[in-house]
Amino acid sequence: MSVPEIATVVGSGTMGPGIAATLVRAGAEVRVYDISAEALARAEQTFAFASGVLDQVGGPKVDGGSATFTTDIGEALAGSRFVIEAVPEKIELKESVLKQIERLVGDDVIIATNTSGIPISDMAPSLERPGRFIGMHWSNPPHLIPMIEVIPGDATEQSTVDELVDIVNSFGYHPVLEKEIAGFVENRVLYAILRECVALLDEGIVTPEALDTCVKWGIGYKLSVIGPTRLLDMAGVDIYAAVSGYLNKQLDASTDTPQVIKDKIAAGELGFKSSKGMYEYGPGEVDAKRKDITAGLVAALKTLSSITPV
Ligand SMILES: NC(=O)C1=CN([C@@H]2O[C@H](COP(=O)(O)OP(=O)(O)OC[C@H]3O[C@@H](n4cnc5c(N)ncnc54)[C@H](O)[C@@H]3O)[C@@H](O)[C@H]2O)C=CC1
Ligand SMILES: Cc1ncc(C=O)c(C(=O)O)c1O
């Protein structure tokens, strides 16, 4: 199985262009559609950058791929064999866009959503043919994180699941097939980690720099080689039992967005996009950090791709 000859990415913000670059490198003719011409103009630049990064990684490349960018949804979907929706995380918007897409593609075309965690089954009723609708959760940056969660909803047909797993495998990514749960697997784990991290920062237990050092060189490094299930065996299930017996009741268990985060939102401190978030960035620092992140992920990806899976 190879990637579908013609694919469409709907929504070209943070995720869309990297998704498109990945599919183009796999040989697909990709149409990138956005409602905003300004977003599309930025997307062309982001796509070019992501494509260059993929050249640095040097992974497999299938000739013949191409990308076009359009604000005409009819043009974007004409003849498309595979659609990835990547519009903002708002269920009503996604449902409206999914209906738009379905009216313009064949009955057998897979429609995948890149939602971060909205249950697929909650969106499926907006479609006439929900059997071809499925979750396809890429991680940011999509052209450098070679794992995609495949999440069927209650109405998703098995043929859709099988075809999407084959498509993900065809461009060298790791498909993770999972049952539907809010947030999906990756974000449930990530948000459990981030909840504890924000609590530790908020309580002044550790500085941001020290926390990032601890996690990067501790569990981050370790878990990039040893998955958490394997780690339980390496550490000893008995050790986990002994420590969880007293620690689990001590962990942060807040059920709402932390006030410190709400305060930052209110102050417009959103992170890279506003040059201040958890850290503050001087002139040119955000671009420098983005370059450092890309270089680090490229180096790590090359190394991890070269080691025997544990
Ligand atoms: N940003 C991230 O780190 C990740 C985001 N996701 C998910 O991917 C989806 C997209 O997220 P981002 O790329 O971050 O969003 P974004 O806000 O950066 O980009 C969304 C794009 O959709 C466009 N758009 C809005 N309404 C539209 C419409 N009616 N038709 C066509 N295009 C429209 C916007 O103009 C914008 O360019 C969301 O569901 C998000 O949860 C998944 C993984 C990671
Ligand atoms: C903070 C955060 N939230 C959601 C996602 C993905 O859905 C990501 C990511 O992919 O990196 C993230 O970092």
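If you're wondering where the values come from, they're calculated on a predicted model, not measured in any experiment. (Residues numbered from 1 in each chain as written. Chains lettered and ligands numbered in written order. Predicted model: local features only at pLDDT ≥ 70, side-chain atom pairs only at ≥ 80, totals over all residues. Heavy atoms only, no water.)

**Some remarks on the packing of aromatic side chains**
For any two aromatic rings, the description comes down to two numbers: the centre-to-centre distance and the angle of the planes.
1) Next: Tallying each qualifying case throughout the model produces 6 aromatic pairs.
2) Next: Pairing tryptophan 217 with tyrosine 221 gives two aromatic rings, centres 6.0 Å apart and planes at 70°, and the pair type is edge-to-face. Of this pair, tryptophan 217 and tyrosine 221 both sit in helix α8 (residues 208–225), 4 residues apart, roughly one helical turn. Both residues of the pair, tryptophan 217 and tyrosine 221, belong to the exposed class.
3) Next: Each member of the aromatic cluster is reached from another via a ring pair, and the members are Trp138, Phe171 and Tyr173. (Phe/Tyr/Trp six-rings, centres within 6.5 Å; stacked < 30°, edge-to-face > 60°. Helix = DSSP H or I, 4+ residues; strand = E, 2+ residues; numbered from the N terminus. Buried < 20%, exposed > 50% of the residue type's maximum accessible area, 1.4 Å probe, protein only.)

**A short note on a nonpolar patch on the surface**
1) Next: A contiguous nonpolar patch, built from Trp217, Tyr221, Val225, Leu304, Ile307 and Val310 and spanning about 590 Å² of accessible area, is present on the exposed surface.
2) Next: Considering every element that reaches the nonpolar patch, the biggest residue donor is α8, with 3 residues.
3) Next: Position of leucine 304 among the secondary structure elements: in helix α12 (residues 285–306).
4) Next: With relative accessibility at 34%, the residue leucine 304 sits in the partly exposed group. (Patch = residues over 30% accessible without salt bridge, like charges linked within 9 Å, V, L, I, M, F, W, Y side chains within 5 Å. Areas by Shrake-Rupley, 256 points an atom, 1.4 Å probe, with all protein chains shown as cover. Salt bridge = Lys/Arg side-chain N within 4 Å of Asp/Glu carboxyl O.)

**Notes on unusual backbone geometry**
1) Next: Note that the residue after asparagine 140, namely proline 141, is joined by a cis bond; omega there is 0°.
2) Next: Looking at the element boundaries, proline 141 is found in the loop between β6 (133–137) and β7 (147–152).
3) Next: At phenylalanine 184, a residue that is not glycine, the phi angle is positive and equals roughly 60°.
4) Next: Turning to its location among the elements, phenylalanine 184 is positioned in helix α7 (residues 184–202).
5) Next: By relative accessible area, phenylalanine 184 is classed as buried at 0%.
6) Next: With phi around 60°, serine 275 is a residue other than glycine that occupies positive phi space.

**Things to note about the site of ligand 1**
1) Next: Near ligand 1, the surroundings consist of 23 residues, among which Thr14, Asp34, Glu89, Lys94 and Ser116 are the closest.
2) Next: Within the backbone of methionine 15, a nitrogen or oxygen atom sits 2.9 Å from an oxygen atom of ligand 1.
3) Next: One nitrogen or oxygen atom from the side chain of asparagine 140 is found 3.2 Å from an oxygen atom belonging to ligand 1.
4) Next: Look at ligand 1: alone it shows 830 Å² of surface, and the protein chains cover 78% of it.
5) Next: Looking at the shell around ligand 1, the element that brings in the most residues is helix α4 (residues 91–102), giving 3 residues. (Near = heavy atom within 4 Å. Polar contact = N/O pair within 3.5 Å; in protein donor to acceptor, adjacent residues only side chain to side chain.)

**Here we look at the site of ligand 2**
1) Next: For ligand 2, the full set of nearby residues is Ser116, His137, Ser139, Asn140, Asn187, Leu190 and Tyr191.
2) Next: In the model, an oxygen atom of ligand 2 is placed 2.8 Å from a nitrogen or oxygen of the histidine 137 side chain.
3) Next: Between ligand 2 and tyrosine 191 there is a distance of 2.6 Å, counted from a nitrogen atom to a side-chain nitrogen or oxygen.
4) Next: Out of a free accessible area of 320 Å², ligand 2 has 65% covered by protein chains.
5) Next: Among the elements that make up the shell around ligand 2, the one with the highest residue count is α7 (3 residues).
6) Next: Two domains each provide a minimum of three residues to the shell around ligand 2, namely domain 1 (6–182) and domain 2 (186–305). (Domains from an automatic or database assignment.)

**Notes on the packing of helix α2 (residues 37–57) against α12**
1) Next: One way to put it is that α2 packs onto α12 with a least axis distance of 10 Å and a crossing angle of 35°. As for the relative orientation of α2 and α12, their crossing is right-handed in sense. Each of Phe49, Val53, Gln56 and Val57 in α2 lies in contact with α12, whose residues at this interface are Thr294, Val298, Leu301 and Lys302. (Axes fitted to C-alpha atoms, helices over the stretch in contact; angles between N-to-C directions. Left-handed = near helix turned anticlockwise from the far one by under 90°. Contact = heavy atoms within 4.5 Å.)

**Brief notes about the domain arrangement of the protein**
1) Next: Partitioning the protein into domains gives domain 1 (6–182) and domain 2 (186–305).
2) Next: Put simply, the middle of domain 1 and the middle of domain 2, counted by C-alpha atoms, are 27 Å apart.
3) Next: Counting residues at the interface gives 14 residues for domain 1, matched by 8 residues for domain 2.
4) Next: On the domain 1 side of the contact with domain 2, Gln56, Val57 and Leu144 bury the most area, a combined 37% of that side's loss.
5) Next: Here domain 1 is connected to domain 2 by 0 salt bridges.
6) Next: The tally of links between domain 1 and domain 2 comes to 5 residue pairs in polar contact (both at pLDDT 80 or more).
7) Next: With 4 residues, the top contributor of residues to the side of domain 1 that touches domain 2 is α2. (Buried area = accessible area lost by both parts, 1.4 Å probe.)

**Here's the deal with the nonpolar core**
1) Next: Counting residues in each nonpolar core, the largest one holds 34 residues, and the members touching the most others are Leu23, Val30, Phe82, Met136, Trp138 and Phe171.
2) Next: Discounting chain neighbours no more than four positions away, the residues touching leucine 23 are Val3, Ala7, Ala28, Val30, Ile84, Trp138 and Phe171.
3) Next: Judged by nonpolar contacts, the second largest core, of 21 residues, contains Val83, Ile111, Ile120 and Ala124. (Core = buried A, V, L, I, M, F, W, Y, C linked by side-chain atoms within 4.5 Å.)

**A short note on the environment of valine 3**
1) Next: Take valine 3: it is sitting in the segment before β1 (6–10).
2) Next: For valine 3, a relative accessible area of 9% corresponds to the buried category.
3) Next: Setting aside anything within four residues of it in sequence, one finds valine 3 in contact with Leu23, Ala26, Gly27, Ala28, Ile167, Ser170 and Phe171.

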